[in-house]
Every structure is written in structure tokens, then in C-alpha cells.
Amino acid sequence: MNEKRLYSIIVSPHTTEKAVRVGDQVAFRVLNDATKTELKEAVQRLFSVTVVSVRIVNVMGKTKQFRQRQGERSDWKKAYVRLAAGQVINLDAFQ
């Protein structure tokens, strides 16, 4: 995999109550054209952990009212990465 793509595939960590509650799983906001294999390799190389599985969810943008006009938020992609037992990613170091 291209090193430049490796660093750009993960946009940001996605920390919500649901994502934090599940201990062995980490959620990331990723590029819209990211694949499972690319994401698995990127997480393993960037954070030095063992990835067991990757699940990707396409989040559809909501329709919103902006003043008197109808608008729509962008679609985005979220990835749930399950780590091997006993491994942790420190998300504070990611920022």
C-alpha cells in the first residue's frame, strides 16, 4: 500500500458512548473509498496492534433545514475495528 494513502485512509477516531462502551472495538471515520483490507493494514501498521476483523458502515447524510432552504449533509463512512484480546489503541496519541 502507498505510504501516503496509509496515513490518509483514517480521517479521525469516532468516539461516541456506544463506541466507548464496547471494550475490544474502536470506531474510526474513514475515507469514502476505503476497503476493509486497506483499513486493516493501515490500523496494524500505524498503531502496532493485531486486527481481528473490520466492519464498515456507510452513514447517509441527513436532510436539514438551513434558514429557509433545504440542505443535505454529506455521506460518510465509519469503520469498526475489532482488536485482538488485550490490545488497546490510545486515541489521545492520534490527535
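Residues numbered from 1 in each chain as written. Predicted model: local features only at pLDDT ≥ 70, side-chain atom pairs only at ≥ 80, totals over all residues. Heavy atoms only, no water.

**Topic: the pattern of salt bridges**
Piece 1. Applying the stated criterion across every chain, the model contains four salt bridges.
Piece 2. One salt bridge connects Arg5 with Asp33, and the closest N-O pair in it is separated by 3.6 Å. Placement of Arg5 in helix α1 (residues 3–8) and of Asp33 in the loop between β2 (25–30) and α3 (36–47) is noted, with a sequence separation of 28 residues between them.
Piece 3. You can call Asp33 exposed: its relative accessible area is 53%.
Piece 4. Two residues, Glu41 and Arg45, come together in a salt bridge whose shortest N-O distance is 3.1 Å. Taken together, the residues span about one helical turn, with Glu41 and Arg45 both in helix α3 at a distance of four residues.
Piece 5. Residue classification places Arg45 among the partly exposed positions, given a relative accessible area of 41%. (Salt bridge = Lys/Arg side-chain N within 4 Å of Asp/Glu carboxyl O. Helix = DSSP H or I, 4+ residues; strand = E, 2+ residues; numbered from the N terminus. Buried < 20%, exposed > 50% of the residue type's maximum accessible area, 1.4 Å probe, protein only.)

**Some points on the side chain of Gln25**
Piece 1. By secondary structure assignment, the location of Gln25 is in strand β2.
Piece 2. The class for Gln25 is buried, based on a relative accessible area of 10%.
Piece 3. A distance of 3.2 Å separates a polar atom in the side chain of Gln25 from a polar atom in the side chain of Arg55.
Piece 4. Only 2.9 Å separates the side chain of Gln25 from the side chain of Arg82, close enough to count as a polar contact.
Piece 5. In this view, Gln25 contacts Ala19, Arg55, Tyr80, Val81 and Arg82; residues no more than four positions away in its chain are not counted. (Polar contact = N/O pair within 3.5 Å; in protein donor to acceptor, adjacent residues only side chain to side chain. Contact = heavy atoms within 4.5 Å.)

**Quick look at the confidence of the model for the chain**
The predicted coordinates should not be examined in detail at positions where pLDDT is low.
Piece 1. The predicted model of the chain has a mean per-residue pLDDT of 89, with 97% of residues at 70 or higher.
Piece 2. Within the chain, the element-level pLDDT minimum falls on helix α2 (residues 17–21), averaging 78, and the maximum on strand β3 (residues 51–59), averaging 96. (pLDDT = per-residue confidence, 0-100.)

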